[in-house]
Amino acid sequence: MRRSERPLLSLPRPLLFAFLLLLGLQALHHHFDQRSLETRYRPLGQPFSAAVYRGLAMGSEQLFGYLLAIRLQLHDNQVGRHFRYQLIDYDLLVDWLDQISGVSDGTEYPMLLASRVYTATGDHAQLRRILEFIERRFDDDPQLHWRRLAEASVIAKHKLGDLDMALGMARKLARQPASVVMPQWARDFEFLLLAELNEVESAIAIIQAMLQSGSVRDPDELRFLQSKLSEFQQKLFESQQSSQN
Amino acid sequence: MTYQTIALFRYLMLGIISRRLFVLLAVLLLAAVLAGGFIHELTIINGAAIVSAFIADFMRYCLALLALLTVASAVAEDYESRQFERLLTMPLARWQYIAAQALVIACLCLLLVVPVLLLVSFYGGVALGVYWAGALWLELMLISLLGLLAILSLEKVPLAVFFALAIYLLAKLSGLITLMLAESVRLSDGSASSRALELIFGAILYVIPDNGSFAQNNVFFESADLLATFADQLLSVSIYALFLLAVSLVDFYRKEFSF
């Protein structure tokens, strides 16, 4: 059996008025509370130099580096809530990440925080700053950081919309010597991005060079490269045809 | 003579072993496990290594303090209860008391590192557990012997603990202090006082344990030759421990006990 309801307007007027008043009060309170909460955000302090942290570590540099990274990771959680990344000073953040990288050599943690956590910001200037950090620190240990640079390249393309930056990173990945072991797809980024930038001729040249060098031996990868080569040659042919017409 | 020393060691050891010590050890282990679990929740990658290293270091500093306090309190009690005067009426040489105390320290440290061996082996694997237990035993021996020297000389627990901890921290933070002094020389354009301080600290470094005397926590993250690392530490600690025992003997033989 369905219970019928009385129309809202048939309720006593003082009750309706009180309800609307309290709803407004609650909304206002929430609004001002949010704003006052942001003023309670405690910004990042200036980090000490890596040498000082190494001294303070009392011989446990690696552990100390990780603990510093975890402390940094928790910075956006204050007064029992999570603060927006836009509130963080990314120049200081990058300084912290640099110092932590200096404390514990060979750790992936600061780069991981940069590529997985701090790229979640919606601010393009901050995003660019953190991607530049990843690109710079990649040179410290390409073998350890190739995944982070590959992620950064994808983020630069899709989130930042900066194809040139993405291409620069992809080129860095592609130019790594064979001694840096990484899957072929990481090296393929360069020609894929070139094709997107309508630099099909350069993309074709790179694929042809890869096929001729004999560095690619995996049959699936060879098939992929050949299909891309055919696709780009077709694209180039079509664009030449349309320009002639 | 050996029998007398062993009898004295047994007597001193019974004074140290208590239910309170085991309860404290159990509380420390529980705290280490809980804190390690909390850290593990926060890590994004490499959680197992971070937690093992954290638990190892947590236990290192807690047990160093516990061993130091235990040794210092036991010897201080001997002073307060005029135990030395009684012992010296017996056919015992002073060196035998020091030898018995050294044996007590070795056994106490062994007792303290056994649970650490189990805990670190559980979190970080048997090889790391065995290395850490051995290295921690050497480190605890070192700080306990420092504590023995301090309490024999200063006779008061707070002073002795403060002195031993100061030496321990000075050794641990020597890298940072050297860096600060070098920076101070640079900022003062090589002033004489800064240079003198740097020289004095450089001289102090010769009589405090070096970094190689302590358990190396970085082995939890790097592939290191554990045996070679342990052998280096064993050599450093052996030399320094003998030096501390020699100083303790000199100090103890110089003491006058009134009957």
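Scroll up for the structure.
All residue numbers refer to position in the chain's written sequence, counted from 1. Labels follow written order: the first chain is A, the first ligand is 1, and so on. In keeping with the model being predicted, local features are shown solely for residues with a pLDDT of at least 70 and side-chain atom pairs are shown and tallied solely at 80 or more, while totals for entire chains, interfaces and linings include all residues. Only heavy atoms go into the side-chain values, all of them from the structure, while hydrogens and water stay out.

Visitor: Can you break down the overall build of chain B residue by residue, with the values?
Guide: In this description a helix means any DSSP run of H or I spanning at least four residues, a strand means any run of E spanning at least two, and both kinds are numbered starting from the N terminus. Per the secondary structure count, chain B includes ten helices and zero strands. The quantity called the radius of gyration is restricted to C-alpha atoms. Its globule counterpart is 2.2 Å times the number of residues to the power 0.38. Taking 2.2 N^0.38 as the reference for a compact globule, 259 residues should give roughly 18 Å; the C-alpha atoms of chain B span a radius of gyration of 20 Å, in line with that estimate. Here the C-alpha coordinates of chain B stretch approximately 65 × 55 × 30 Å along the principal axes. Each residue is assigned to one of three classes by its accessible area relative to the maximum for its type, calculated with a 1.4 Å probe on protein chains only: buried under 20%, partly exposed between the two thresholds, exposed over 50%. Here chain B, with 259 residues, has 47% of them falling under the buried criterion. Pairs at least 24 apart in sequence give 80% of the contacts found in chain B among residues at least 6 apart. Put simply, chain B shows about 13,000 Å² of open surface, and 71% of that area lies on carbon and sulfur atoms. Asp and Glu count as negative and Lys and Arg as positive, but His and the ends of the chain are not part of the count. Charge positions come from single atoms, namely NZ of Lys, CZ of Arg, CG of Asp or CD of Glu. Computing the positive centroid from 13 side-chain charges and the negative centroid from 17, chain B places the two 10 Å apart. Contact criterion: two residues are considered in contact whenever any of their non-hydrogen atoms come within 4.5 Å of each other. With residues, only the protein chains shown are counted as cover, and all accessible areas are computed by Shrake-Rupley using a 1.4 Å probe.

Visitor: So what's going on with the overall build of chain A? Which residues, and what values?
Guide: Across its full length, chain A holds eleven helices and two strands. Tracing chain A from N to C terminus, the helices and strands come up as α-α-α-β-β-α-α-α-α-α-α-α-α. Here chain A has a C-alpha radius of gyration of 27 Å; the compact-globule value for 245 residues is 18 Å, and the former is much larger. Its C-alpha atoms put chain A at 85 × 65 × 40 Å along the principal axes. The buried share of chain A, reckoned over its 245 residues, is 44%. Excluding contacts between residues fewer than 6 apart, the proportion of contacts in chain A whose partners are at least 24 apart in sequence is 68%. A total of about 13,900 Å² of accessible surface is found on chain A, and carbon and sulfur atoms cover 55% of it.

Visitor: I'd love a proper account of the packing of aromatic side chains, names of residues and values included.
Guide: All names here are of chain A. Ring pairs are drawn from Phe, Tyr and Trp, using the six-membered ring of Trp, whenever the two centres fall within 6.5 Å, and their geometry is named by plane angle: stacked under 30 degrees, edge-to-face over 60, tilted for the rest. Following the criterion strictly, the structure yields 17 aromatic pairs over all chains and no others. Residues Tyr-66 and Tyr-109 carry aromatic rings whose centres are separated by 5.7 Å and whose planes lie at 85 degrees to one another, so their mutual orientation is edge-to-face. Pair noted here: Tyr-66 is in helix H3 (residues 61–73) and Tyr-109 is in helix H5 (residues 109–117), with a separation of 43 residues, a long-range link. Aromatic side chains Tyr-90 and Tyr-118 sit 6.3 Å apart centroid to centroid with 90 degrees between the ring planes, which places their arrangement in the edge-to-face category. Of this pair, Tyr-90 sits in helix H4 (residues 90–103) while Tyr-118 sits in the loop between H5 and helix H6 (124–138), and the two are 28 residues apart along the sequence.

Visitor: So what's going on with the side chain of Arg60(B)? Which residues, and what values?
Guide: Relative to the assigned elements, Arg60(B) resides in helix H3 (residues 47–80). Residue classification places Arg60(B) among the buried positions, given a relative accessible area of 0%. Polar side-chain contacts of Arg60(B) include one of 2.8 Å to the side chain of Glu139(B). Excluding residues that lie within four positions of it along the chain, Arg60(B) makes contacts with Ser60(A), Trp132(B), Leu136(B), Glu139(B), Leu140(B), Tyr168(B), Lys172(B), Phe214(B), Ala215(B) and Asn217(B). Under this definition, polar contacts are N or O atom pairs within 3.5 Å; protein pairs additionally need one hydrogen-donor-capable and one acceptor-capable atom, and for neighbouring residues in sequence, both atoms have to be side-chain atoms.

Visitor: Which residues make up the interface of chain B and chain A, and what values go with them?
Guide: Between chain B and chain A, the residue contacts involve 22 residues of the former and 20 residues of the latter. Note on chain B versus chain A: buried area summed over both sides is about 1,800 Å², and carbon and sulfur give 72% of it. By convention, the term buried area covers the 1.4 Å-probe accessible surface removed from two parts as they join, with the contributions of both added. Among the residues chain B hides against chain A, the three largest losses belong to Leu42(B), Ile44(B) and Ile45(B). Together they make up 27% of the total. Joining chain B to chain A, the criterion identifies seven residue pairs in polar contact (both at pLDDT 80 or more). Elements supplying a minimum of two residues to the side of chain B that touches chain A: helix H2 (19–42), H3, helix H7 (157–172) and helix H8 (174–187) of chain B. The dominant element in the side of chain B that touches chain A, judged by the number of residues it contributes, is H3(B), at six residues. Any residue outside Ala, Val, Leu, Ile, Met, Phe, Trp, Tyr, Cys, Pro, Asp, Glu, Lys and Arg is labelled polar, Gly included; the first ten of those are nonpolar and the last four are charged. A breakdown of the residues in the side of chain B that touches chain A according to their chemical character gives 13 nonpolar, five polar and four charged.

Visitor: Would you mind going over H6(A) in detail, with residue names and values included?
Guide: In this scheme, a helix's expected span is set at 1.5 Å multiplied by one less than its residue total. Its 15 residues give H6(A) an end-to-end C-alpha distance of 21 Å, which sits within 8% of 21 Å, the value for a rise of 1.5 Å per residue. Between the side-chain oxygen at the start of H6(A) and the backbone nitrogen of Ala125(A) there is a gap of 2.8 Å, and the oxygen is on Asp123(A).

Visitor: I'd love a proper account of the packing of helix H5 (residues 94–124) of chain B against helix H6 (residues 126–154) of chain B, names of residues and values included.
Guide: Residues and elements named next belong to chain B. Packing of H5 against H6 brings their axes to within 7 Å, and their N-to-C directions diverge by 150 degrees. If you check the angle between H5 and H6, you find them roughly antiparallel. As H5 packs across H6, the resulting crossing turns out to be right-handed. For the contact of H5 with H6, the residue count by class is 23 nonpolar, five polar and no charged. The axes are straight lines fitted to the C-alpha atoms, using for helices just the contacting stretch, and the angles between their N-to-C directions are given from 0 to 180°. Here roughly perpendicular refers to angles of 65 to 115 degrees, roughly parallel to angles under 35, roughly antiparallel to angles over 145, and oblique to all remaining angles. Rotating anticlockwise by less than a right angle from the far helix to the near helix defines a left-handed crossing, while the corresponding clockwise rotation defines a right-handed one.

Visitor: Explain the side chain of Ser236(B) residue by residue, including any values.
Guide: Among the structural elements, Ser236(B) can be located in helix H10 (residues 226–254). Residue contacts for Ser236(B): discarding those within four places in its chain leaves Asp210(B), Gly212(B) and Ser213(B).

Visitor: Explain the environment of Phe201(B) to me, and be specific about the residues and the numbers.
Guide: Residue and element names in this part refer to chain B. By secondary structure assignment, the location of Phe-201 is in helix H9 (residues 192–204). Spatially, the C-alpha atoms of Phe-201 and Val-51 are 35 Å apart, while their sequence positions differ by 150 residues. Ignoring anything within four residues of it in the chain, the contact list for Phe-201 reads Leu-170, Ser-174, Ile-177, Thr-178 and Leu-181.

Visitor: Now, about the environment of Gly202(B): what can you tell me, with residues and values included?
Guide: Topologically, Gly202(B) is positioned in helix H9. Considering only alpha carbons, one finds Gly202(B) and Thr178(B), 24 residues apart in sequence, at a separation of 8.0 Å.

Visitor: Hey, could you go over the pattern of salt bridges for me, with residue numbers and the actual values?
Guide: We count a salt bridge whenever a side-chain nitrogen from Lys or Arg sits within 4 Å of a carboxyl oxygen from Asp or Glu. Using the criterion set out here, one finds 16 salt bridges over all chains in the structure. Salt-bridge contacts for Asp98(A) lead to Arg137(A); the nearest nitrogen and oxygen are separated by 2.7 Å. With Asp98(A) in helix H4 and Arg137(A) in helix H6, this residue pair connects regions lying 39 residues apart in the sequence. In this pair, the class of Asp98(A) matches that of Arg137(A), namely buried. When the shortest N-O distance is used, the salt bridge between Lys172(B) and Glu139(B) registers 3.6 Å. Within this pair, whereas Lys172(B) is found in helix H7, its partner Glu139(B) is found in helix H6, the two being separated by 33 residues in sequence.

Visitor: Which residues make up a nonpolar patch on the surface, and what values do they have?
Guide: Each patch is built from residues that are more than 30% exposed by relative accessible area and take part in no salt bridge. Like charges join if they lie within 9 Å; nonpolar side chains (Val, Leu, Ile, Met, Phe, Trp, Tyr) join within 5 Å. A surface patch of nonpolar side chains, amounting to about 580 Å² of accessible area, comprises Ile200(B), Ile204(B), Tyr206(B), Val207(B), Phe243(B) and Val247(B). Breaking the nonpolar patch down by element, the ones donating at least two residues are H9 and H10 of chain B.

Visitor: An account of the state of the cysteines is requested, with residue identities and associated values reported.
Guide: All names here are of chain B. The criterion for a disulfide is a pair of cysteine sulfur atoms lying within 2.5 Å. Per the counting criterion, the structure on display carries zero disulfides over all chains. Summary of cysteine pairing: Cys-62 is not part of a disulfide, and the nearest cysteine sulfur, belonging to Cys-109, is at 15 Å. Assessed through its relative accessible area of 21%, Cys-62 is described here as partly exposed.

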